[in-house]
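# Residue-level structural notes
The primary structure of each chain is shown beneath.
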Amino acid sequence: MLPLILQAAASGVVTGCVYALIALSLVIVYKSTDVINFAGGEIVMIGGYFGMLALLSLELPYVTIFLFSAAATFALGAAFDRVVLNTVLGRASPGQSILVAMVIATVGLSYVLKGSVRVVPYTEEVRRLPPLFTGEPIFLGPVILQRQDIAIVVIAVLIMLALWAFFAFTLAGKALRATSQNPRAAALVGIPVRRMRMTVWGIASALAAVAGILLAPKLLMTPDMGVIVILAFAAAIIGGFASLPGCILGGIVLGVIQNLVGLLISSKAISVAPFLVIMLILVLRPQGLFGGPVVAKKV
Amino acid sequence: MTRGAFIRGTLLGCAALIGGLAAPATAADPGITDTEIVIGLFAPMSGQLAAFGFDPLQAAKMWYEEVNKKGGIHGRKLKVIVEDDKCNPTEVVAVVKKFVTVDKTFIVHGGSCSAAAVAAQEFVTREKVPHIMLNAAGDAAVIPPTRYVFGAFAGTQRTVGGTIMEFAIKELKGKRIAYIAHDDDFGNANWATAKAVAAKMGVEVVAVERISPRITDVTAPMLKVRAANPDVIINTAYPAPAVLITQKYAEYGMTKTPIVVAVQGIPLPAVFAKNVGNDAALANLYYGSPLNDLTDGPKQQKWIQLYKQYYPDRNPGAFMTYGLPSAMAITAALEKAGKGVTRETFIDALETLNFDTGVLAGPIAFAKDRRDGHRASIFIKFDGKTHKLAPGAYFWNGKDGM
Amino acid sequence: MYGSPSLARLAPLLALLVLGAVLPPLVPQYFLYLGNLLMMYAVLALGLDLLLGWAGQFAFAHIAFFGVGVYATVLLQTKLGLPYVVAMPAAALLAGAIGLIIAIPATRLRAVYLALATFAFAEGAQWVFNSWDTMTGGADGIRISSPSLFGYAMGSDPKAFPVMTVLLAVVIAATLYLTKSKFGRSMCAIRESEHAASASGIDVRGTKILVFAISAVYAGIAGGMYTLFNSFANPEVFGFTQIVLVLSMIVVGGLGTLPGVLIGVVLLGLMPEIMRTAMRHLLVWQELVYGVILIVAMMYMPRGIWGLLPRRRRRLARA
């Protein structure tokens with residue numbers, strides 16, 4: 001039994017990093033703009049398809065497709081913020097919460113992305129992006145791991161560290177944090193709030209695209225693969241929705257729990273495990289496993 | 001005028017009125033005139049399951065056009081009104097109600113999704129309108145059979161389960177079977193018959209894994225399957241999970257064990273192989289199909305060529321020919337019922353049908369107590385490059401698992 | 001603005017009842033079906049609006065209570081033999097009770113956490129509907145046989161239509177009373193600022209819990225309405241797409257406004273039918289168009305359609 005549990009746990013760590021990468025994208029947007037991005041999964045999806053386009057039609061080398069897809073989705077996310085969300089915000093009277101409208105706008109974006117991808121007949125069939133790393137699987141004792149899996153874990157941790165450093169140490173990162181904590185004060189000290197928001201959306205989208213290209217070999221590509229966003233939300237919550245390292249840890253916890261539940265209880269229960277975990281965590285510890293004390297937002 | 005004239009006039013007027021009212025009592029059903037029969041045709045033409053309904057619907061339309069070209073049926077042309085149901089029960093009900101109460105079609109022909117078919121069942125039965133499904137499996141709507149609903153033109157999931165288990169036992173000599181199915185209505189149906197067939201043939205099912213259609217990590221189920229040490233693995237999952245399962249099956253070193261994939265998991269074998277990305281995984285892979293040949297095999301070519309003539313801009317997908325048998329059954333029954341066909345005689349005619357479609361592995365057959373048209377499967381060994389048809393077709397007897 | 005609704009405001013409800021009696025023999029069943037569908041959505045939307053539009057609580061558990069309403073109404077009739085007239089209110093109260101239980105831990109959560117926790121609950125509920133084979137029929141769904149009201153069989157659209165109008169009228173009237181009462185003022189206060197509301201002496205937690213429960217009752221009633229004109233339900237009906245639809249209805253129509261919500265229900269409820277007919281040759285583009293409509297609606301009417309009317313906008317700002 002132990003080898004089985006170890007294998008389940010190891011695979012869970014890998015899948016968890018998958019969720020974590022998407023969760024990072026969601027959390028960045030939330031931390032900076034208070035918006036829950038319901039299109040997060042679809043941006044991952046479209047990032048994957050851009051990557052596929054670059055690899056198979058334009059025949060770019062693999063590393064370049066990351067850049068191509070990230071650039072394309074950066075533009076997409078930034079444009080969405082600039083064109084749509086800005087307009088929504090602009091119509092709010094001061095003091096009014098327009099959050100719900102922005103969330104519905106992201107729902108609209110998810111339909112637009114899904115709809116535009118579905119029109120292309122190529123996407124009717126389930127497709128697979130060839131993995132970045134191929135070759136013999138790696139054996140860690142009784143545990144079997146694919147090279148792509150290890151790459152996913154390493155890249156996820158690296159990205160998380162890079163983002164954390166960005167927010168903590170660079171001027172731009174600090175400006176972004178200031179914008180999220182108090183947009184008016186940030187504007188007063190000369191931070192270009194609108195441009196900051198656009199940048200955040202761009203970064204988050206590029207991040208989602210990178211996640212998409214890493215995950216597509218593992219998850220298989222359909223226009224509906226965005227549904228995985230639910231698990232990314234779960235990962236983010238477990239980690240404490242406003243914490244970046246929390247995303248990784250939350251994702252890993254989720255992935256491992258799902259697999260252990262599947263192994264030890266039943267495969268049928270796999271799909272409900274994340275939701276039970278969310279509810280338990282929020283009831284017992286609303287700030288998640290790694291979040292700070294719950295801060296009441298400005299009145 | 002005189003009082004007499006007035007009374008006579010009124011009486012004549014009343015008689016005319018009564019005569020006019022009485023006449024419709026023997027009039028034909030709606031949707032049928034001397035020159036045309038109106039059919040309400042629907043399938044998912046957009047949304048997540050469009051691939052499952054778009055081409056079959058066009059194939060059905062194509063068949064009707066061919067019949068019209070040959071002069072129609074008893075001098076009547078077939079007129080088709082098309083609607084998109086998105087495989088959504090609310091939309092299906094709306095579409096069917098529109099066909100029956102607004103467009104007043106003679107019959108409704110459509111449905112590529114089982115749950116949606118069940119949603120409309122009560123309405124068509126109450127209104128006494130024949131509903132012939134398109135390519136839906138429609139298990140719950142045809143078993144138990146009800147008078148007005150005909151379906152399973154590509155086989156029910158019960159057929160899939162029964163035949164795949166029989167193939168695993170008879171051809172692959174399985175004695176310890178591992179069975180993977182989804183936890184949805186498809187999984188319920190195919191597992192029910194598979195279980196019964198295994199029990200009937202005295203074979204043990206050593207592992208049963210019911211997984212969500214949206215599963216992303218099949219580690220846990222596959223570990224359990226491997227631990228159970230089966231000698232045949234049956235995989236009835238949908239395309240994405242089916243690929244994941246096959247990949248893990250190779251990753252965990254199980255490729256010496258034959259694996260049989262049900263039709264719903266492998267619409268286009270070449271794409272499936274590419275997705276698995278590892279031909280070693282396909283060394284012992286088989287898949288099932290309700291057709292009489294490979295999807296692009298010689299027996300299917302004539303339909304594919306015809307489709308290309310009608311719709312040159314569209315590549316017929318994996319399911320195109322699945323739309324033909326139901327249309328064929330409809331025109332055959334209309335022929336049989338004769339010029340004075342009504343909804344009731346149409347149904348009676350359908351019940352007598354038993355014919356080879358030239359598309360499917362077995363005949364389409366109905367009876368007074370049978371509403372699932374097709375009960376056969378063929379199986380093909382596929383190693384990533386070549387297909388090898390296993391001999392014979394497998395049939396579900398309509399009783400196992402009931 | 002507050003106080004009992006005047007008779008003038010209740011008059012349109014009479015018109016609704018008259019329509020309910022008069023339309024069925026005149027209009028093809030297809031349109032009656034659409035009407036029934038919209039009326040059911042209206043009750044769902046009004047319930048969600050109480051929670052989100054009036055009390056400002058971003059909660060997504062609504063669809064689970066809808067499911068409870070549907071399954072409980074059917075099961076109380078089939079397993080316990082209760083007549084519809086008893087089963088439906090009982091099911092609605094059951095939904096309300098579950099809502100109450102959920103509300104107790106949920107109301108401790110803020111904004112995004114509340115949204116995601118209640119969403120998780122809804123997904124969990126859908127899993128239960130899918131797995132509890134013996135009660136709900138599991139993935140195969142449940143067949144709904146025609147409920148009857150003192151011998152009047154309601155299972156078809158024309159028969160159900162008048163009953164639906166009565167139910168909707170009752171719900172609208174209840175909403176009017178609720179929102180114009182002191183309770184309504186409390187909800188608004190909480191929406192604007194929980195701290196200020198608490199400082200004014202409003203029992204914030206208690207009010208929030210009560211709104212949750214009441215909105216769950218609305219969803220349960222909508223579930224009972226579903227069983228009047230549908231013959232089948234499966235867990236797919238109680239999923240994410242549905243809650244997004246209802247949410248879109250109230251946001252596009254106008255959060256916190258009764259006429260706005262109803263307009264949103266009609267527009268987004270009929271949208272699939274309109275798109276399907278209007279886009280007959282471009283069916284595959286429907287999804288994209290729907291997304292564009294949502295985005296454009298939010299860009300130019302973030303307060304909803306009702307929020308566009310200048311008089312209303314000023315009124316809302318004052319309240």
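Here the structure is a predicted model, which is why all the values come from computation and not from measurement.

### Some thoughts on the overall build of chain A
- Looking only at helices and strands, chain A features 11 helices and 2 strands.
- Counting from the amino terminus, helix and strand elements in chain A follow one another as α-α-α-α-β-β-α-α-α-α-α-α-α.
- Taking 19 Å as the expected radius of gyration for a compact globule of 299 residues, we find that chain A reaches 19 Å, a close match to that expectation.
- Each principal axis of the C-alpha distribution contributes one length, and for chain A these read about 60 × 50 × 35 Å.
- Contacts in chain A between residues far apart in sequence, at least 24 positions, make up 75% of those at least 6 positions apart.

### Points about the overall build of chain C
- Counting secondary structure elements, chain C contains 14 helices and 4 strands.
- For 319 residues, the compact-globule formula gives about 20 Å, and the C-alpha radius of gyration of chain C, at 19 Å, lands near that figure.
- Viewed in the frame of its principal axes, chain C has a C-alpha envelope of about 50 × 45 × 45 Å.
- Excluding contacts between residues fewer than 6 apart, the proportion of contacts in chain C whose partners are at least 24 apart in sequence is 77%.
- Surface accessibility of chain C: about 12300 Å² in total, with carbon and sulfur atoms responsible for 70%.
- The centroid of the 21 positive side-chain charges in chain C is displaced by 15 Å from the centroid of its 11 negative side-chain charges.

### Some words on the state of the cysteines
Residue and element names in this part refer to chain B.
- Tallied over the full model, the rule gives 1 disulfide over all chains.
- Paired by a disulfide, Cys87 and Cys113 hold their sulfur atoms 1.6 Å apart. Note on the Cys87 and Cys113 pair: the S-S dihedral is about 65°, so by sign convention the disulfide is right-handed. With Cys87 in the loop between β2 (77-84) and α3 (89-103) and Cys113 in the loop between β3 (107-110) and α4 (114-127), this pair connects stretches of sequence that are 26 residues apart. Here Cys87 and Cys113 have matching classes, each one buried.

### Considering the pattern of salt bridges
- All chains considered together, the criterion is met by 28 salt bridges over all chains.
- In this structure, Lys86 of chain B engages Glu91 of chain B in a salt bridge whose closest nitrogen and oxygen atoms are separated by 3.7 Å.
- Owing to a relative accessible area of 24%, Lys86 of chain B belongs among the partly exposed residues under this scheme.
- On the accessibility criterion, Glu91 of chain B (7% relative accessible area) is buried.
- The residue Arg276 of chain C makes a salt bridge to Glu91 of chain B at a minimum N-O spacing of 3.3 Å. Pair noted here: Arg276 of chain C is in helix α12 (residues 258-278) and Glu91 of chain B is in helix α3, and the two residues belong to different chains.

### Observations regarding empty space enclosed by the protein
- Tallying each qualifying case throughout the model produces 6 cavities of 30 Å³ or more.
- Here the largest cavity defines a volume of roughly 150 Å³.
- For the lining of the largest cavity, the secondary-structure elements that each account for two or more residues are α3 and α4 of chain B together with α10 (204-229) and β4 (232-233) of chain C.
- Looking at the lining of the largest cavity residue by residue, the classes come out as 10 nonpolar, 6 polar and 4 charged.
- Taken as a whole, the second largest cavity encloses approximately 80 Å³ of empty space.
- The wall of the second largest cavity is formed by Val263, Ile266, Pro267, Tyr287, Gly288, Ser289, Leu291, Thr295, Ala318, Phe319 and Tyr322 of chain B.
- Of the residues belonging to the lining of the second largest cavity, the class tally is 8 nonpolar, 3 polar and no charged.
- No fewer than three residues from each of domain 1 (36-155 + 297-371) and domain 2 (157-289 + 379-395) of chain B sit in the lining of the second largest cavity.

### Side note on the sheet that holds strand β5 (residues 149-150) of chain B
All names here are of chain B.
- As summarised here, the arrangement of the 5 strands in space is β2-β1-β3-β4-β5, forming an open sheet in which the pairing is parallel. With partners counted over all chains shown, the strands left at the sheet margins are β2 and β5, one partner each.
- As paired strands, strand β1 (residues 36-43) and β3 are joined by 4 bridges and run parallel to one another. Residue Gly40 lies in a different strand from β3, and its bridge partner there is Val108.
- Where helix α2 (residues 50-69) meets the sheet, it contacts β1, β2 and β3, and its direction lies at approximately 165° from that of β2.

### Quick notes on the domain arrangement of chain C
All names here are of chain C.
- Along its sequence, chain C is carved into domain 1 (7-238) and domain 2 (239-319).
- Between the C-alpha centres of domain 1 and domain 2 there is a distance of 20 Å.
- Across the boundary between the two partners, domain 1 contributes 26 residues, which contact 22 residues of domain 2.
- When domain 1 packs against domain 2, close to 2200 Å² is buried across both sides, 78% of that on carbon and sulfur atoms.
- Area buried by domain 1 at its contact with domain 2 is led by Leu38, Tyr41 and Asp49, which between them contribute 24% of it.
- For the pair domain 1 and domain 2, the interface holds 0 salt bridges.
- Between domain 1 and domain 2 we count 4 residue pairs in polar contact (both at pLDDT 80 or more) in total.
- For the side of domain 1 that touches domain 2, the elements supplying multiple residues, two or more each, are α2 (29-54), α3 (62-80), α5 (111-131) and α7 (157-180).
- Looking at the side of domain 1 that touches domain 2, the element that brings in the most residues is α2, giving 13 residues.
- Considering only residue class, the side of domain 1 that touches domain 2 consists of 19 nonpolar, 4 polar and 3 charged.

Cut-off values and rules
Along each chain, numbering runs from 1 in the same order as the chain's sequence is written. As a convention, the first chain written is A and the first ligand written is 1, with the rest following in written order. This being a predicted model, a pLDDT of at least 70 is required before a residue's local features are given, and a value of 80 or more before pairs of side-chain atoms are given or counted; all residues contribute to the totals for chains, interfaces and linings. Remark: hydrogens and water are excluded; side-chain values derive from all non-hydrogen atoms of the structure. Helix and strand definitions here come from DSSP, where helices need a minimum of 4 consecutive H or I residues and strands a minimum of 2 consecutive E residues; each element is numbered from the N-terminal end. For the radius of gyration, the atoms used are the C-alpha atoms, and the globule rule reads 2.2 Å times the number of residues raised to 0.38. Contacts are assigned to residue pairs that have any heavy atoms within 4.5 Å of one another. The method behind every accessible area is Shrake-Rupley, applied with a 1.4 Å probe, and residues are considered shielded solely by the protein chains displayed. Asp and Glu count as negative and Lys and Arg as positive, but His and the ends of the chain are not part of the count. Each charge is placed at NZ for Lys, CZ for Arg, CG for Asp and CD for Glu. Disulfides are defined in this document as cysteine sulfur pairs within 2.5 Å. Only protein chains enter the accessibility calculation, which uses a 1.4 Å probe; a residue is then buried when its area is under 20% of its type maximum, exposed when over 50%, and partly exposed in between. We define a salt bridge as a contact between a side-chain nitrogen of Lys or Arg and a carboxyl oxygen of Asp or Glu at a distance within 4 Å. Definitions used for this entry: grid spacing 1 Å over protein atoms alone; cavity, a set of points where a 1.4 Å probe fits but cannot get out; pocket, an open set with protein on both sides within 12 Å along at least 5 of 7 lines; lining residue, one with an atom within 4 Å of a point. Grid points are joined across faces, edges and corners, and a volume is the space filled by probe spheres set on the points. Just so you know the grouping, Ala, Val, Leu, Ile, Met, Phe, Trp, Tyr, Cys and Pro go in nonpolar, Asp, Glu, Lys and Arg go in charged, and all remaining residues, Gly too, go in polar. Domain extents, as shown, originate in an automatic or database domain assignment. Any two strands with at least two DSSP bridges between them are considered paired. All axes are obtained by fitting lines to C-alpha atoms, using only the stretch in contact for helices, and the reported angles, taken between N-to-C directions, cover 0 to 180 degrees. Here the quantity called buried area is the total loss of accessible area, with a 1.4 Å probe, experienced by two parts when brought into contact, counted for both. Whenever two N or O atoms come within 3.5 Å, that pair is a polar contact, provided that in protein one can donate a hydrogen and the other can accept it, and provided that, for residues adjacent in sequence, both atoms are side-chain atoms.

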